[in-house]
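Spelled out, the chains give:
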Amino acid sequence: MTAASRDWESLARRSTRMRRINAGLLVGFLVIVSIPVLLPFFWVVVISFSARTGGVESLVLWKACSILVSAVFIYGAVHLAEKSVRRRLIAAGILIALSALGLFLTVGGDLHLQNYRFLVNPNLVEELRGAATAGGQFPWVWIAFINSLFVAATSTLFKVTVATLSGYYLSRFAFRGRSSFLQGLLILEVFHPWMLTIPIFLVIFWIGLLNNLAGPILVLTVLDLPFFIFIMKGFFDAVPWDMEMSAMTDGATRRQAFRLVVLPHVWAGIIAISVLGFIKGWEEYVFVTALRTGNSYWVMSTYLYYVADDVMGVDYGMVAAVSVFYMAPSLILYLFLQRHLTQLTFGGIKG
Amino acid sequence: MARIELDGVTKRWGETVAVDDVTTQLENGEFVAILGPSGCGKSTTLFLLAGIYAPTAGTIRFDGMRINEVEPKDRNVGIVFQSYALYPNMTVMQNILFPLRFKSVERDDAHRQAQEIAALVQIESLLERRPGQLSGGQQQRVALARALIKRPNLLLLDEPLSNLDAILRLSMRTEIRRIQRELGVTTILVTHDQVEATTMADRIICMNGGRIEQIDTAENLYRKPNTTFVASFVGSPPINLIHGSVKDSRFVAGDRRLLLTGLSEAAHVSMGFRPERVIAAEDGMPAKITTIEPMGREILYGAESPLGFLRFLEAAPMPRFSLGEEVRLRTELEDALFFDQGNGKRIDNVSLNEFS
């Protein structure tokens, strides 16, 4: 009897030990692989606030990054150990204050806002190179910003509208060619859109939308649609038939039933594809470049490219500052809506 | 409240016939149950009445008016779905008010009506909750309230009790019947549970394979089933059916013969009698117990006899017989039923003597 109970205890101890070791190994592995992912982000941010024209002080970089990265990992540990939201927030606040203090003490003298002057100076190139340079066409960053916003928002609006309606139709109606249509959607996903650059260029040229923001908007809309339709179909499939029938016997028309009863169920999907669609439009580079023949329109990606390359030579500080400015909207959007993005898999799987 | 008529209603999907030439009528304020096994077309009939499906052939009339082409939203029919189909994004109050959104009802008036209906189904205290926070029985009541608030011509209940536990089912049965009587709304209950049908409905439509087998009261379905299907579907435990044939004015089954009149020679006939007509007695035929199922008040035995497999009941609690035991069984066949094996129809005017 005693021998048997000792056995159980040692087995329990061993399994607890193994669980701890496994968890430790897993966390350690994830920490190590996340360093190369995280580091460049901090790097860029630090450079954008510290670099002087033409050069980067690498000591500043290392000092700042070591403070920031360790702050992130400490917060990660706190987040794992602490369940209450209030305490997590307190911990985050303390960490932010500590790292701000640390940054101030170690590299405080090297930080400045000079690299962000492109935000307020509409004539950046003239200031740098004089009015006579070819850079005269180079716009103020806010013009590119607004264009990018326009491209991303408009294409998202189209994508979401079409994907939602066709997802609903595919989910609810039996019609001739429905299954081949669904298979066709999947086949489209096999080809990388860049393979289509030249035909797309020709089509856009023939319909006369070259050098017009409508071109990239249309192309971006169409390229994302197959995937988005599939996602939305999955979400609609998960809404029970009964509910819709019930609404219709309750006196609603099909459209009212869709709006009042079905749509509230797929909000998560709509938000998810909106975020994905917006970020895709926001970061688009290939097609906005391919569909213009000169500097007819500017968006943030082309702006960043020219800042980094053609116009000004290399000013790392400013490139970094533009990058930070460029990445901020997607980051903010993602942070606020990530809860909805994680639901995507649930709805998507059912498709 | 309306008088409902179905006239030769048929629903086909390609080759499959879901509802086959169904003709019947419901009087104003009547409570009718459609009883049948799954896949017999009973839910399809319900959806035809609601307008969710359109009939392939035949006519549906409300108060004598043809409504085949009328949209579901204009039929003023209330449905309680098996899943209740409550709208999870709305509160209970909003759920109940939903049907009134599409009618020109004053806001205050709508709220007053909703309060009344909520009181009727006893959910006044739940109005601010969401469906996800309710138990199955409460959801059921909300669904009922939502179906009733528009004063429907016809109330359709699609297996409304099948998701409830046994005790709740019992109380909801009485509750639904009470509410139906109070409002006097014509009601159709679809169910595969004969106890639900017999306890709640005035009349029962027994369906099988898309066709109506019999429309009758619960008692008549039990005592005078028109077909073998009804005989074996209605009644718990099921009826004993003995298959045999007629030879020299005798019903022959196994090595047993029964003198009778009224059957044509050489016909293949099934004889049915309820398990309560089989009694363990010394003067009976030999049989061997093969199954024992305690059912609470009684114990159901199954036995292999010269006639075939027979079910019979004995009072609980203590089983008198054990598995494999040899017993002697007597059958009392005064009210035995005879069915034509070809078309399954009952054969009347058979009088019989005794086994020989």
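What you see is a predicted model; the values in this text were computed from it and never measured. (Residues numbered from 1 in each chain as written. Chains lettered and ligands numbered in written order. Predicted model: local features only at pLDDT ≥ 70, side-chain atom pairs only at ≥ 80, totals over all residues. Heavy atoms only, no water.)

Asker: I'm lost on the overall build of chain B in this one. Help?
Answerer: Across its full length, chain B holds 8 helices and 21 strands. By principal-axis analysis of the C-alpha atoms, chain B measures approximately 80 × 50 × 35 Å. For chain B, the proportion of contacts with a sequence separation of at least 24, taken over those separated by at least 6, is 65%. The positive charge centre, built from 41 side chains, and the negative charge centre, built from 46, are 3 Å apart in chain B. (Helix = DSSP H or I, 4+ residues; strand = E, 2+ residues; numbered from the N terminus. Contact = heavy atoms within 4.5 Å. Lys, Arg positive; Asp, Glu negative; His and termini not counted. Charge placed at Lys NZ, Arg CZ, Asp CG, Glu CD.)

Asker: Where do I start with the interface of chain B and chain A in this structure?
Answerer: Of the residues lining the interface, 21 residues belong to chain B; the matching set on chain A comes to 16 residues. Across the interface of chain B and chain A, roughly 1600 Å² is buried in total on both sides, 65% from carbon and sulfur atoms. Looking only at chain B, the three residues that lose the most surface to chain A are Lys73(B), Tyr87(B) and Phe102(B), adding up to 32% of its buried area. Counting the contacts that link chain B with chain A gives 2 salt bridges. Across the pair Lys150(B) and Asp250(A) runs a salt bridge, and its minimum N-O distance is 3.1 Å. Where chain B touches chain A, the interface holds 8 residue pairs in polar contact (both at pLDDT 80 or more). (Buried area = accessible area lost by both parts, 1.4 Å probe. Salt bridge = Lys/Arg side-chain N within 4 Å of Asp/Glu carboxyl O. Polar contact = N/O pair within 3.5 Å; in protein donor to acceptor, adjacent residues only side chain to side chain.)

Asker: It is not clear to me how the side chain of Gln214(B) should be interpreted in this structure. Could you clarify?
Answerer: Residue and element names in this part refer to chain B. Considering the arrangement of structural elements, one finds Gln214 in strand 10 (residues 211-216). Of the residues examined, Gln214 reaches a relative accessible area of 3% and is grouped as buried. Side-chain polar atoms of Gln214 contact the backbone oxygen of Lys224, separated by 3.1 Å. Discounting residues that sit within four places of it in the chain, Gln214 has contacts with Ile204, Ile205, Cys206, Asn220, Leu221, Lys224, Pro225, Asn226 and Val230. (Buried < 20%, exposed > 50% of the residue type's maximum accessible area, 1.4 Å probe, protein only.)

Asker: Which parts of the structure should I look at to understand the sheet that holds strand 16 (residues 298-305) of chain B?
Answerer: Residue and element names in this part refer to chain B. What the 4 strands build is an open sheet, ordered 17-16-15-18; its pairing is antiparallel. Each having just a single partner strand, strand 17 (308-315) and strand 18 (326-331) make up the two edges of the open sheet. On average, each strand axis in the sheet is inclined to that of its neighbour by 55°, with strand direction left out of account. Judged from the 8 bridges that link them, strand 16 and strand 17 form a sheet pairing that is antiparallel. Its bridge partner lying in strand 17, Tyr301 is registered against Phe312. (Pairing = 2+ DSSP bridges. Axes fitted to C-alpha atoms, helices over the stretch in contact; angles between N-to-C directions.)

Asker: Looking at this structure, how should I read the sheet that holds strand 9 (residues 203-208) of chain B?
Answerer: Think of a sheet as strands paired side by side through backbone hydrogen bonds, with each pair either parallel or antiparallel. All names here are of chain B. In space, the 6 strands of this open sheet follow the order 6-7-8-3-9-10, with mixed pairing throughout. Edge positions in the sheet fall to strand 6 (77-80) and strand 10, since each has one partner strand and no second. Mean inter-strand twist for the sheet, computed between neighbouring axes without regard to direction, equals 20°.

Asker: Is there a simple way to think about the state of the cysteines in this case?
Answerer: What makes a disulfide is a covalent bond joining the sulfur atoms belonging to two cysteines. All names here are of chain B. Within this structure, the stated rule accounts for 0 disulfides over all chains. Here Cys206 is not disulfide-linked; the sulfur of Cys40 is the nearest cysteine sulfur, at 8.0 Å. Using a relative accessible area of 0% as the deciding quantity, one classes Cys206 as buried. (Disulfide = S-S within 2.5 Å.)

Asker: Before we go on, may I ask you to explain the layout of surface pockets in this structure?
Answerer: The gaps of empty space that remain are located by a probe, the size of a water molecule, rolled over the atoms. Residue and element names in this part refer to chain A. As a volume, the largest pocket reaches approximately 1000 Å³. Lining the largest pocket are 27 residues, and of these Leu38, Phe41, Phe42, Leu331 and Leu335 lie nearest its centre. If you list the elements that add at least two residues to the lining of the largest pocket, you get helix 1 (2-50), helix 2 (58-81), helix 3 (85-107), helix 11 (267-283) and helix 14 (316-342). When residues of the lining of the largest pocket are assigned to their parent elements, the largest contribution, 9 residues, is made by helix 14. Of the residues belonging to the lining of the largest pocket, the class tally is 23 nonpolar, 3 polar and 1 charged. A volume near 410 Å³ is recorded for the second largest pocket. Along the walls of the second largest pocket sit 18 residues, with Pro193, Leu196, Val222, Leu223 and Asp224 positioned nearest its centre. Elements that contribute at least two residues to the lining of the second largest pocket include exactly helix 6 (178-190), helix 7 (197-206) and helix 8 (214-237). In terms of residue count, helix 8 provides more of the lining of the second largest pocket than any other element does, 7 residues in total. A class-by-class count of the residues in the lining of the second largest pocket yields 14 nonpolar, 1 polar and 3 charged. (1 Å grid on protein atoms, 1.4 Å probe; cavity = no way out; pocket = protein on both sides within 12 Å on 5 of 7 lines; lining within 4 Å. Points joined across faces, edges and corners; volume = space filled by probe spheres on them. Nonpolar A, V, L, I, M, F, W, Y, C, P; charged D, E, K, R; others polar.)

Asker: Explanation requested: the packing of helix 5 (residues 141-172) of chain A against helix 8 of chain A in the structure shown.
Answerer: All names here are of chain A. Across the interface, helix 5 lies against helix 8 with an axial gap of 7 Å and an inter-helix angle of 40°. The angle between helix 5 and helix 8 falls in the class oblique. Crossing of helix 5 over helix 8 shows right-handed handedness. Of the residues assigned to the contact of helix 5 with helix 8, the class counts are 14 nonpolar, 7 polar and 5 charged. (Parallel < 35°, antiparallel > 145°, perpendicular 65-115°, else oblique. Left-handed = near helix turned anticlockwise from the far one by under 90°.)

Asker: Which parts of the structure should I look at to understand the confidence of the model for chain B?
Answerer: In low-pLDDT regions, the fine details of the predicted coordinates are not to be read closely. Residues and elements named next belong to chain B. In the predicted model, chain B carries a mean pLDDT of 89, and 98% of its residues have values of at least 70. Here strand 21 (residues 351-355) is the element of chain B with the lowest mean pLDDT, 63, and strand 3 (residues 31-35) is the one with the highest, 95. Both confidence scores are given for the complex: pTM 0.79, ipTM 0.81. (pLDDT = per-residue confidence, 0-100.)

Asker: Would you mind going over the packing of aromatic side chains with me for this structure?
Answerer: For any two aromatic rings, the description comes down to two numbers: the centre-to-centre distance and the angle of the planes. Enumeration according to the criterion identifies 30 aromatic pairs over all chains in this entry. Three or more aromatic residues link up through ring pairs in this structure, and these residues are Phe49(A), Tyr116(A), Phe118(A), Trp142(A), Phe145(A), Phe278(A), Trp282(A), Phe325(A) and Tyr326(A). Lying over the aromatic face of Trp298(A), Arg292(A) brings its terminal NZ or CZ to 4.9 Å of the ring centre. In this structure, Arg146(B) is placed above the aromatic ring of Tyr87(B), and the distance from its NZ or CZ to the ring centre is 4.4 Å. (Phe/Tyr/Trp six-rings, centres within 6.5 Å; stacked < 30°, edge-to-face > 60°. Lys NZ or Arg CZ within 6 Å of the ring centre and 35° of its normal.)

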